[in-house]
Each structure stands twice: as C-alpha cells, then as structure tokens.
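# Structural description and commentary
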Amino acid sequence: MPKNLLFLIFLLAATNTFAQDTLKFEQALTVASGSRYGREAVYTDLLAWQMANGKLQRPTENGAFSAGKDGQKVLWKAIKADANGRFSAFSRRSFQTTNNPFLNPGSIDRGSDYIYITYTSPKEQTAILNVIGGNSLFFNGTPHMGDPYASAYMNIPVQLKKGVNELFVRGASILPMIIINAKKLLIHTDDVTLPNIVINRANGVLKGALTVSNSSLKDVNGLHIKTVLNGKQQEVAISRIAKLSMRKVIFELDASTITTPGNYNLEIQLLQNKTNVEQKTIVIEALANSSSYKQTFISKIDGSLQYFAVTPQLNGWKPNSALFLSVHGAGVEAIGQAKAYKSKDWGTVVAATNRRPRGFNWEDWGRQDALEALALAKDQFKPNDKQIYLTGHSMGGHGTWFLGATYPDKWAAIAPAAGYASLKDYGSADGKIPDSSKNMVERMLLRAGNQSDVPKLVTNYTPLGVYVLHGDADRVVPVSYARQMKKLLAGFHADFSYYEYPGGEHWFGDQSVDWPPIFSFFKWHTIAADSAVNRIDFTTSSPGISSTYRWATIYQQTQPLQYSRIILTRDRKLSTIVGKTENVALLKLALTDFAVKTPIKITLDSLTVINYTTQSVNDTLFLEKNNDAWQIITKIDKRDKNPLRYGTFKEAFNHKMVFVVGTNGSAEVNLANLNKAKYDAESWYYRGNGAIDTIMDKEFSASKYQGRNIILYGNSENNTAWNKLLKDCPIQVSNSQITTKQHVLKGDDLAAYYIWPQHDNKLLIGVVASTGVKGMKAAYANQYFAGGSGFPDFMIFSSELPKEGSKGIKLAGFYNNKWQFDEKNTATP
C-alpha cells in the first residue's frame, strides 16, 4: 500500500451536548469491477463474489483485481478527493455526467465501479459511518445499504477494529465520513417525517418520525421520546434499538395551542429509563388552512409513519367535490408536488409520497402507498365517487400510466405528463434483451416483473379518459415515449387527447403538471356505476396486484404471472353473460345487478354453457376451468392462492413484517444471518422510509407476532422458528442441502429466497435461507426492494451467482394455485 494512500483530516465539530470527530479522506483506490445490477433478480458482482469466497486480496495501487475479457489485468487505480472530500471514480474515464435532477442515476450503469478506502483506528471503538453516494458498501466485510441518491441520511453505526478497517463502496461518486462520537444514542434530524400544523383544524396530537441510532454494543430498551411544543408536552415509548443499528421511530406532539401561522421550535428529548440522554430541536411549520400542507399517517404496510400532501379546495372544502390524486417525479417531495398546483374550485389535490422522493417507481410498495393515500383522502374529503382523477409527472407520469392501467375502475380519467409507460423500456436494460437471448431462468425471473410492462395492459384504458402531455424538447424522458402510447391508443381508444408542448423541456414550470386543459378534460369525465357497465375488457399480470374490474375478478391464473385477460358482456334483459378468457383458472362473478331468482345463462370461451339461478341480492359465483370446461365451484379453499395472497417473494414484505434471525448455528453462521437481516432493514429504511422489527429466533412466538408476515433468516438447523412455520413447506434447507419434492441440491454454498403461506388466507412467510456462510453472503445483494424488480415465488442459487449470473441459479419458479411445487412453472439453467 502506498505510504500516503490515506490522509485523514480531523474536524472537530460541536453539536448540542457532545463532541465528535468527523474523519474525511483524501485518497482512495478504485476499480471498474464489471458488476451489473438491473431490475431482475440476477446480478453479477465479482468483488462481492471474491469476498464471499475468501478470494479478495487487499487492494494496492496498480495491483490486479481480475483478468479482463481481453486477457488484460483489471487494476486498482489511485484517485483523489475533490475540495469537498468527494471521490469520483468515473473522473478517470471519458464519459460525461449529468446533473439533471429528474434523471434517475440508476438508469446509467455506473454501479460497476468500486472505491476502496482504509482507516487505521488506534483502538477498538464504535462510530457512525456516513457515505453519501454509492449503491451499497462493505465495511470490514459487513454489507450495508448505500446512499445512491446522495440523500445524506444513512448514519450507520459500525464497530472499528484496532488497526486497519476496510471500506468498499460500489458506486462512481461518493463522499465518505466516519464520525467518532462520545454518545452512543443519537437523535438524527436529517430525515424527519413531519406533518404541518393547519390553523383552524382540530390539530391536537399529531405524529412525526425521525431516526435514532445506537452505536453501542448492547440492545437498548426502555426508550421514550418526549416532545415540547409551545409549552405542551407529549411522551411515547419507542421500539428497542438494537446494537449497532438505527431505526426510524414515531413520536407525538401536541399542537393544540398553536393558533397563528409561522415556524415553531419543537424540542425532542430521548429518554432512557426517564433520563434525558439526547436532545435536539427541529422546526415545525404552522400554515393557514388555504395552504398546501403535509398530513402524516401510520401505514398498514409496515406500521411506519408516512405522509401525503394536500392542496385544499379553493374557498374551503366541500363534500361531494372532485379528488385529484397526483404522483410525483423522481427526487420530488410530495409537498413540492402539491405546491405546484393552484387550488381548484371543484376539488382537492392529494399528492402521495411513493414512500420516498424516488421510492419504488410507483410500483410495488409505491403502488400500495398511492392506494393508501387515496383511501385516506376519500375517507377524509368525502368526494363524489364518480369524480376521482389521476395525474403525475416524469416518474409520476409512469405512475399514472401504471396505476391507470392496473386499476382502471378507480379513475374517471388519467393524465400522464412527461411519462414513460414501461420500466422495461426506461432505465433498465433487462427488458430490452430479446427473449430469444435469455435462458429459461432469466425469462422466468423477468416474468415476475410483467406488471411493469404497461403497454401489455393498454386495453385497460378503454373506459378511461386519457390526456397525454409531453414537451417535445424533453431530453430526460424523450417525447418518443408519449408518441409510443399515442400510437397504441389510436388503435382502439375513442376518448383520449394528446398535446406536445412546443419547445417544452422536461419541466417547463408548474404548468408541466398544473396544465389547465387537463383539468378541463377531467371535468367532463365521470366514473360510471357498476350497474351501468355491461362490457368488461380487463388484463392483469397478477391477481395479487390487480384482480378485479367491476363485477368480475380473475381469482387464479393457469400460468402464474403471465398475462390474463377477460372479455365479458352481460345482458340483463336476456339474463346472459357471454365472454372469453385467457390464462384464467378461477373466475369470480358478482351477480348483484341481477334480480333474485333470475335464471342466468353463462357462456365462456364458446366451450361451456352454465345455468345458474340467483339466490340473493349478494350472489357471487366462482367458475373453475378444468380440462377446457368451466364448472361452478361451491367451496373455495381460502388457503389456496388468492388475490389477498398470491405471491411473489416480494409480497412477503407486507403486513407489518418482522425479521426473525437464526442464532442456533456457529458464530460465523449466526453473524452472516444477522448481517443479511440488518442489511435488508437498512435497505427498507432507505428506500421505503420504514422501520422493521428484527428479533432473534429464540424471541419468536406465533401468538406474540400474530397477524404479521414473518421473514426468516437462516435454515432448519440454525433458526429455531423454522419448524414452527415451515414444517409443511416443499422447500427445505439444512446445513448441507436444499431439497424439494423433485430435487436434491447439495453443498454448503447454496441460498434461496422464497415464500410460504401461513395458516390463514392472507399472511405469508418470507425465507432468506442458506446452507452455509458462502451461500448467505451470495444472498447479501438486495434488489427485491428496487421498484419493479422481478422475483418469482422461489429462487435457489449458489455462491457462483455473483460471478456467473443466471448460470448460478439452480431453480426458479412459481407454485401452483394449491401452493404445490410445480415443474411446469419451474426453470433450471
């Protein structure tokens, strides 16, 4: 190692009550590692593979990292920090960068670089690691979430060894800092979720959230957050903060005495056994009731605190008015989105958050956040159910295309602005590779992300008004995306408008979203009542995402996660339903619009005529397709796959999930299990603004965690909760092998991601398993929290995955509708 590879600048900074040393770095090493991460479950990362398999040598300047494809060695190169302490690995190469705030950095493949830094600690001690930038990192071999969007709030507690400590960061531009602090419990105010106080509303007790870190070597219980606002105090208990971890916690504040708009100091105290151990002051804003404001709520997804923003109706709220749901672009806060709209005299604008300004591309948990905000807004503002509208810009334009196609019965009209329709076409190379170039495993994995391919759902727009707005000079989301959708709509749609703003770039002022013709278009569209809709044409890729349109539900598919379509026509005068289906195994029909004791004739796929007489005003009928014939099913097994619990693996991260970590193995195995769980918790916090309870297996009991999804880390031999939850699962993992009813895979370097149903009709168990330490380290890489990434019901792979990509996957696929292992929907290399 060069003598001056590392030069430390010690900056003494004082905060409220404690001193800290912030260590910045002047020199580092970097290498183009050739790693590749997309929106599918396959990834390659040679450095991660070397680390997992004990083959990574300590880097030196001009030292070899690997042999390139042309036989030449790939070398580590020295780089220097700029005046601000930032390292830019790509500065040594010729391609240009962009500072466009609307461009998702993930759309440019800069993740193939690693930057390497060391710090020699004079003693063993704990610290806070804050690396601004970088997709992920390893600190002394432990994986941690990075900060790819340079948000600066990843304050990760770490333990420093005496001597050399190593930091590997995957990413092209980073600002690394190590903060050695005297206090072990810290309040961080760089990522606060706060409501606004709205004057003349019943404010009372409101909820906020911020991050608390514990950089000690012991779990900390008995913590409370006490707030003081304008003389009013409020105190709540908060969850345990595990050793060397951070957690976003919910607090309460009493705003009942605030009667005047303005900024108010909110004092926040962290109490441990009634002793004040840390204190910070933040500012909360009180607004006039005509201003755009933030409103917090507790999410049903994970029990965390989220917010949506509101631009109130002009001249005050009126019931039975319109509701406009607006979804923001990448990097845009929901409150900023709401402020871009002038108040409307005929309705309220509500801006959902997507969990974070970048979040999940309005898919996955971003989709759920939009639906949560919509439901809360409908309950609060009591709009006319016929006047619900959807619009959004940039990533929110994609969100509008996606949510509009996925839930076409929720909107009277939609208006995507500067949007791209499909994630498979924008920002990811995964969907651009022809199917003929992919092996069976890759096709299976991409099938799990079919919901993102919005053009395949285009006929779902038929009942909606659609207004497309796009600047013709947009260089971030080129106008070709709008023209693509215009061409598709023109082939069948009778009610869409299209406008290209002359000379318009990606953002051409607030009218980029608050475009008057959009709201004029909205005004003459309403949602028809179910009783008035006698023709259905509906497509979905998964009943677990979207199953129902009006009076028909695609309850189960024949081929999981392939596109399913129903085209049905009902004639109430003739008492008939006639139609055709594609990839539908179980169909549910609501017959509520037929009178009691009406004989109904149902003809499906020109194969079967079913006669049924309604028995009540709430009749529903289940029809199952079997051997090319349809028949009535009178009893449904609620444990079967159903729209409430359909898969895929990502669906396990719902219903206030709890992480259960195996501790019954060797010290090395237990640490690998814990490291993976902590990495997932950090990733969920970063991407989803959430908090997850992480417990050890010996703490788990089914009764204590009833009603919650469970995520298990480990295997049947080292996680004592395993046999309580997975005894009847067809996939079993031990220290030496992974078995299914058809396969036996042996080795100590295997890993798996999969789901299994709990013994009810809604909840799931998610499994992150391995046969050994090398397998778990191969599972460290986490893309399942990336919006739109595709993971099937199960995926089994070896430690060769980070090196060989899809060749390292042994099995991947979907269970059938009985949750049985299904060879027809299983792929091998």
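Refer to the preceding data block for the structure.
The following refers to the structure shown. (Residues numbered from 1 in each chain as written. Predicted model: local features only at pLDDT ≥ 70, side-chain atom pairs only at ≥ 80, totals over all residues. Heavy atoms only, no water.)

### Side note on helix 3 (residues 365-381)
In a regular helix each residue adds 1.5 Å, so 17 residues correspond to 24 Å; helix 3 covers 24 Å between its end C-alpha atoms and thus fits that length. Directly after helix 3, the chain includes lysine 382, whose backbone phi takes a positive value near 45 degrees. (Helix = DSSP H or I, 4+ residues; strand = E, 2+ residues; numbered from the N terminus. Expected span 1.5 Å × (residues − 1).)

### Considerations on the environment of tryptophan 76
Checked against the element boundaries, tryptophan 76 lands in the loop between strand 7 (73-75) and strand 8 (77-80). By relative accessible area, which is 1% here, tryptophan 76 ends up buried. Separated by 408 residues in sequence, tryptophan 76 and glutamine 484 have C-alpha atoms that sit 44 Å apart. (Buried < 20%, exposed > 50% of the residue type's maximum accessible area, 1.4 Å probe, protein only.)

### A short note on the pattern of salt bridges
Taken as a whole and judged by the stated rule, the model has 24 salt bridges. The salt bridge partner of lysine 344 is aspartate 514, with a shortest N-O separation of 2.5 Å. In this pair, lysine 344 sits in the loop between helix 2 (334-339) and strand 27 (347-351) while aspartate 514 sits in the loop between strand 31 (496-501) and helix 7 (516-523), placing the two residues 170 residues apart along the sequence. The burial state of lysine 344 is the same as that of aspartate 514; both residues are buried. Residue aspartate 680 is joined to lysine 676 by a salt bridge in which the shortest nitrogen-to-oxygen separation is 3.0 Å. Here lysine 676 and aspartate 680 lie together in helix 8 (residues 667-688), a separation of four residues that amounts to about one turn. (Salt bridge = Lys/Arg side-chain N within 4 Å of Asp/Glu carboxyl O.)

### Describing empty space enclosed by the protein
Enumeration according to the criterion identifies six cavities of 30 Å³ or more in this entry. As a volume, the largest cavity reaches approximately 130 Å³. For the largest cavity, the lining is made up of 16 residues, of which Ala48, Phe138, Pro143, Tyr780 and Ala781 are closest to its centre. The residue makeup of the lining of the largest cavity, split by class, is 12 nonpolar, two polar and two charged. (1 Å grid on protein atoms, 1.4 Å probe; cavity = no way out; pocket = protein on both sides within 12 Å on 5 of 7 lines; lining within 4 Å. Points joined across faces, edges and corners; volume = space filled by probe spheres on them. Nonpolar A, V, L, I, M, F, W, Y, C, P; charged D, E, K, R; others polar.)

### Remarks on the sheet that holds strand 40 (residues 620-626)
Strands sit in the order 33-34-37-40-41 across an open sheet of five strands; the sheet is antiparallel. Only two strands of the sheet have a single neighbouring strand rather than two, namely strand 33 (548-549) and strand 41 (629-633). (Pairing = 2+ DSSP bridges.)

### Some thoughts on the sheet that holds strand 16 (residues 185-193)
Across the sheet, three strands lie side by side as 16-18-21; this open sheet has antiparallel pairing. In this open sheet, the two edge strands, each paired with only one partner strand, are strand 16 and strand 21 (245-254). In this sheet, adjacent strand axes meet at a mean angle of 35 degrees when their direction is disregarded. For strand 18 (residues 205-214) and strand 21, the ladder comprises 10 bridges, and the chain directions are antiparallel. The partner of valine 205 across the bridge, within strand 21, is aspartate 254. Running at roughly 40 degrees to strand 21, helix 8 makes contact with strand 16, strand 18 and strand 21 of the sheet. (Axes fitted to C-alpha atoms, helices over the stretch in contact; angles between N-to-C directions. Contact = heavy atoms within 4.5 Å.)

### Topic: the nonpolar core
Of all hydrophobic cores here, the largest spans 86 residues; its most connected members are Leu726 and Tyr754. Tallying contributions element by element places strand 48 (residues 750-757) first for this core, with seven residues. Every residue in contact with leucine 726, bar those within four places of it in the chain, is listed here: Leu712, Gln732, Tyr754, Trp756, Ile765 and Val767. Counting residues in each nonpolar core, the second largest holds 68 residues, with Val310, Phe402, Ala412 and Val454 among its members. (Core = buried A, V, L, I, M, F, W, Y, C linked by side-chain atoms within 4.5 Å.)

### A word on the layout of surface pockets
Volume-wise, the second largest pocket comes out at about 1,100 Å³. Contributing to the lining of the second largest pocket are 38 residues, with Arg367, Gln368, Leu371, Tyr407 and Gly544 lying nearest its centre. When residues of the lining of the second largest pocket are traced back to their parent elements, those giving at least two are strand 24 (293-298) and helix 3. In terms of residue count, helix 3 provides more of the lining of the second largest pocket than any other element does, nine residues in total. Among the residues forming the lining of the second largest pocket, the class breakdown is 16 nonpolar, 12 polar and 10 charged.

### Let's talk about the packing of aromatic side chains
The geometry of an aromatic ring pair comes down to the distance between the two centres and the angle between the two planes. Inspection of the entire model under this criterion finds 51 aromatic pairs. Aromatic rings pair up to connect Phe360, Trp365, Phe649, Phe653, Phe659, Trp684, Tyr713, Tyr753, Tyr784, Phe785, Phe791 and Phe797 into one cluster. One cation-aromatic arrangement involves lysine 294 over tyrosine 307; the distance from NZ or CZ to the ring centre is 5.6 Å. (Phe/Tyr/Trp six-rings, centres within 6.5 Å; stacked < 30°, edge-to-face > 60°. Lys NZ or Arg CZ within 6 Å of the ring centre and 35° of its normal.)

By themselves, these observations are geometric and do not establish any function.
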